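# Summary of the model geometry
Below, each chain spelled out in residue letters.
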Amino acid sequence: MTTPENNKERFISLLKGTGRQGVNNVIAMLEKEGFFTAPASTKFHLNSEGGLLEHSLNVYDAAMMLKADMVKVNPAIEKDLPDDSIVLSTLLHDVCKSDIYFKTTLSRKKPDGYWEKYEGYQTDYKKAFPMGHGEKSVIMVLSWGLSLTKEEMLSIRWHMAPWDMPTQSGEHKESFNAAKELTPLCPLVQIADQIATALIER
Ligand SMILES: [Fe+2]
Ligand SMILES: [Fe+2]
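For the structure given in this document, a descriptive report is provided here. Just so you know, these numbers come straight off a predicted model, no measurement behind them. (Residues numbered from 1 in each chain as written. Chains lettered and ligands numbered in written order. Predicted model: local features only at pLDDT ≥ 70, side-chain atom pairs only at ≥ 80, totals over all residues.)

In this structure, Thr 123 sits in strand S2 (residues 115–123). Remark: the alpha-carbon pair of Thr 123 and Ala 62, spanning 61 residues in sequence, is separated by 27 Å. In this structure, Thr 123 is in contact with Thr 42, Ile 100 and Tyr 101, ignoring residues within four places of it in sequence. (Helix = DSSP H or I, 4+ residues; strand = E, 2+ residues; numbered from the N terminus. Contact = placed C-beta atoms within 7 Å.)

Written out as structure tokens, the structure is:
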């Protein structure tokens, strides 16, 4: 059975399994920032304690399943999708959300029309490190001393790109398109993130 405790154990074991320089400090900093207990959202997918951790593992699982299937139809991409890179870019793609949530009492309408109070989450970007989303995740883990490849950085930075692209500058769009062409890790993480939220967590 999946519990927050064994999710945490699995997450740490996967990260340590990469043997990547700086990974132990990343785990300590994630603990300090509240990553292991944070929800994945306030109203949508996995909006409960440990939701962010569960979502990150779902993205990892989706990416590994996709890799296995895609390598069958296009064996040439296998060398560009190392397992360690998938571990690091999926498990760390949303660490930017570690510090944005706080617990509070909220109200909701019940089916009988009456209102009830419940314990939920809201966001506070002023108390957090307001550095964006994917780019914030990259900056956080680099500042904690993690050694990432260029492909891993691009995959974390651009994982949300299809969603905010219409409002962005031309330079932003060109960078996103170039990153997708540079490494299949980039589309793999984007698609795995969407599979996790739209299919696994629905
Ligand atoms: Fe995200
Ligand atoms: Fe995500």
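In this section: the nonpolar core. Formed by 44 residues in total, the largest nonpolar core has its most connected members in Tyr 60, Ala 63, Leu 91, Val 95, Val 141 and Ala 192. Going through the elements one at a time, helix H1 (4–17), helix H2 (23–33), helix H3 (51–73), helix H4 (83–91), helix H5 (134–143), helix H6 (150–157) and helix H9 (185–200) are the ones with two or more residues in this core. Per-element tally for this core: the top contributor is H3, with seven residues. Ignoring sequence-local partners within four residues, the contact set of Tyr 60 consists of Leu 14, Ile 86, Val 87, Thr 90 and Leu 91. (Core = buried A, V, L, I, M, F, W, Y, C linked by C-beta atoms within 7 Å. Buried ≥ 20, exposed ≤ 12 C-beta atoms within 10 Å, placed from the backbone.)

Before going further, it helps to examine H4. Where burial is concerned, most of H4 is hidden: seven out of the nine residues are buried. Along H4, the positions that sit buried rather than exposed are Ser 85, Ile 86, Val 87, Leu 88, Ser 89, Thr 90 and Leu 91. Structurally, H4 contributes buried residues whose contacts are with H1, H3, H6 and H9.

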